[in-house]
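# Structural features, examined
Read off the chains here:
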Amino acid sequence: MPDVSGIDKVFDYLVPDPLRERAWVGAKVRVNLNNRRVGGWIVALHTETARQDTSYEVDRLLPIVSVSGHGVEPELVELTRWMSETFFGSWRATLASASAPHLRARVVHSHHGATREHGVDEVSTSVRTRRSGGGGLVVVPPLGSALSVIAEMSQSGSVLAVCPTHKMATLGAASLRRKGITTAVIPEQWDAARAGVDVVIGARSAVLAPCASLSGIVVIDEHDELLHEERSPTWNAVDVARQRAQLAKVPLIVTSPVPSAESLHHFTDSVTIARTTQQWPAIEIVDLGEVPVAGSLLSSQLLAAVSNEKMSVACVLNTKGKSRLIVCRSCREVQLCPQCRSLLAQDDDVLVCLRCGDEHGAVCLTCGRTSFLVPRGGMGQLAGQIRASVGRDVVEVSGESDENLGDGSIYVGTEAVLHRVTRVDVVVFADIDRDLGAPRVTAAREVLALVTRAARVVGDRGTIIIQTRLTEHPVIAALASDEPFDALLRWCESDLQQRHVFSLPPFSQLVRVNVRAPHSVDEVPELDGIDIARHNDNVILKSTDRTALEAGIQTLRQLFGTHIAVYCDPVRY
């Protein structure tokens, strides 16, 4: 398979005798292709007598020029091919994702820790139950120790652990080493992982890393969007881990405080709930409708938190500029679509649902008044208001901010702040409605993922403050309950049932197709067995029939060639 963009075809070459010992499946090589020298991977080896499907003389084949070094682990080559077919992408791209970070292997000896005793905590007990049953889903509260899952799995041999972020993997590896468990962090310690350690751990791409004597796979926070590759092919680390575990015949354990609909559906009969002593930190729900100044986000709870000089605070506001939020000036009700409960927007003074496309007139849907308030404050404005109110320094954080946040105890920013700070006393979601009412089916689950991350940041002694006008929303009601852990699990189950009614994933499959100039989405024809939705330059394909979906995408590729990009299983829809 040549490592050349746009070429997704396997070619036959001869292996010269001097290179035969170094040419193994998965190795990186150099070959002559169309009068130029390119890199590539060996994806299969055959003898002349075994290869009967050739229509040419073997003597006419070109020899490979050289063997560059390590590429993909031999046992993972078939997995990369499965990934390319499942996620409608190129095999070249998946081989590149699974390749070693350097061609020259370093000599590293196997290193394993001493034998340890089994854990007696609820998480370890739940893991043993699931491992004996061949794997499954372990629901671990955000304040429960996900590391206990990895440590318990390592009792049976080497474990491959996948985390949402590299930072989480690095901190987790350090904690495991303090317990006497040897680790290899991917990609920095690729050679140690190949040689053999107790735990191979890393972010999304670690699911394709080597792991000598693999005995089990663990995926932490399987609900997290960061486990999905954004570039085509848009593979999901959970699905890849499931396939790798099946090929290797080892158990797979996935964990989450708020399980995804896909995992709840797939692991229907193999779910264990770890009811730890500490589950969620203190959660306060603040009704923004009761804030004295209409449109203000400075509630008394927020001001009390940022005024306390002994406390560190992170304020989350996923708005930089204008907002789509429309609030009645009289009754202060958020204007939501009656059909899908998404936020309404104003278009020529008419309320419009961007998700359904329905118009709802120019009056409040609750009280009938015609005067609206449009809160437009972004994180910059909120930071300025906090500085003016309490006279303390405020650090603004966004996705473009430098990794070094500098000194400060009050942080205001987008959700990026939850990835940049390690620990604060209070996390304030200044206006959760802007995320909760987004015109997407997945909006509520996106909010739950944010709140879960916030729970990890504040820890068992911290507090999460959620400011909202939608106090009756099922997710907000669950978070406000005395037992949020159980309430959120019930919500996850109801969400799964709702998806079943509307044939949404995991009961169907979605594929987003981006159509590039000179073509347009209007040229996309009707496809048998597939529902089609057109939006801007994208087409969303939905089908409960995988075969029909494959045929439909093949038809589009024949019609548009390289002018389309296929993104399987979009994270947000």
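What comes next concerns the included structure. The shown structure was predicted, so the numbers you read here are calculated from the model rather than taken from an experiment.

Attention now goes to the overall build of the protein. Helix and strand counts for the protein stand at 16 helices and 24 strands. On C-alpha atoms alone, the protein measures out to a radius of gyration of 26 Å, which is about the 25 Å that the 2.2 N^0.38 rule sets for 573 residues. A principal-axis box enclosing the C-alpha atoms of the protein has dimensions of 85 × 60 × 45 Å. For the protein, buried positions account for 53% of its 573 residues. Long-range pairs, those at least 24 residues apart, make up 71% of the contacts in the protein with a sequence separation of at least 6. Surface summary for the protein: the accessible area is close to 26,500 Å², and the carbon and sulfur share equals 47%. Both charge centroids of the protein, one from 58 positive and one from 67 negative side chains, sit 4 Å from each other.

Let's shift gears to the sheet that holds strand β3 (residues 66-69). Consider a sheet: its strands pair through backbone hydrogen bonds, and that pairing is either parallel or antiparallel. Across the sheet, three strands lie side by side as β2-β1-β3; this open sheet has antiparallel pairing. The sheet terminates laterally at β2 (36-41) and β3, the two strands that pair on one side only. Neighbour to neighbour, the strand axes of the sheet diverge by 35° on average, direction disregarded. Relative to β2, strand β1 (residues 28-33) is paired through six bridges, and the arrangement is antiparallel. Its bridge partner being in β2, R30 is matched across the sheet by G39.

All right, on to the packing of helix α9 (residues 300-307) against helix α10 (residues 379-390) then. At a closest axis distance of 10 Å, the pairing of α9 and α10 adopts a crossing angle of 65°. Judged by the inter-axis angle, α9 sits roughly perpendicular to α10. The handedness of the crossing between α9 and α10 comes out as right-handed. Between α9 and α10, the contacting residues are L302, L303, V306 and S307 on the first element and I386, S389 and V390 on the second. Split into classes, the residues belonging to the contact of α9 with α10 amount to five nonpolar, two polar and no charged.

As a further point, take the sheet that holds strand β11 (residues 282-287). With respect to topology, six strands assemble into an open sheet ordered β11-β20-β19-β12-β18-β17, the strand pairing being parallel. The sheet is open, and its two edges are formed by β11 and β17 (395-397), each paired on a single side. When the angles between neighbouring strand axes are averaged without regard to direction, this sheet yields 20°. Summarising the sheet, strand β12 (residues 313-316) and strand β19 (residues 426-429) pair through four bridges and their orientation is parallel. Along β19, the bridge assignment pairs A314 with V427. The strands touched by α10 are β12, β17 and β18 (410-413); relative to β18, the strand with the most contacts, the crossing angle is about 155°. Its contacts with the sheet put helix α13 (residues 443-458) on β19 and β20 (463-468), and the angle it makes with β19 is roughly 160°.

Okay, the nonpolar core next. Core analysis: the largest hydrophobic core is formed by 107 residues, its most contacted members being V427, F429, I464, I466, V511 and L541. In terms of residue count, α13 provides more of this core than any other element does, nine residues in total. Those residues in contact with F429 that sit more than four places away from it in its chain are V316, L418, L450, V451, A454, I464, I465, I466 and Q467. If you look at the next biggest cluster of nonpolar residues, it comprises 23 residues, including A151, A169, V185 and A274.

Rules of the game
- Residues numbered from 1 in each chain as written.
- Predicted model: local features only at pLDDT ≥ 70, side-chain atom pairs only at ≥ 80, totals over all residues.
- Heavy atoms only, no water.
- Helix = DSSP H or I, 4+ residues; strand = E, 2+ residues; numbered from the N terminus.
- Rg over C-alpha atoms; globule rule 2.2 N^0.38 Å.
- Buried < 20%, exposed > 50% of the residue type's maximum accessible area, 1.4 Å probe, protein only.
- Contact = heavy atoms within 4.5 Å.
- Areas by Shrake-Rupley, 256 points an atom, 1.4 Å probe, with all protein chains shown as cover.
- Lys, Arg positive; Asp, Glu negative; His and termini not counted.
- Charge placed at Lys NZ, Arg CZ, Asp CG, Glu CD.
- Pairing = 2+ DSSP bridges.
- Axes fitted to C-alpha atoms, helices over the stretch in contact; angles between N-to-C directions.
- Parallel < 35°, antiparallel > 145°, perpendicular 65-115°, else oblique.
- Left-handed = near helix turned anticlockwise from the far one by under 90°.
- Nonpolar A, V, L, I, M, F, W, Y, C, P; charged D, E, K, R; others polar.
- Core = buried A, V, L, I, M, F, W, Y, C linked by side-chain atoms within 4.5 Å.

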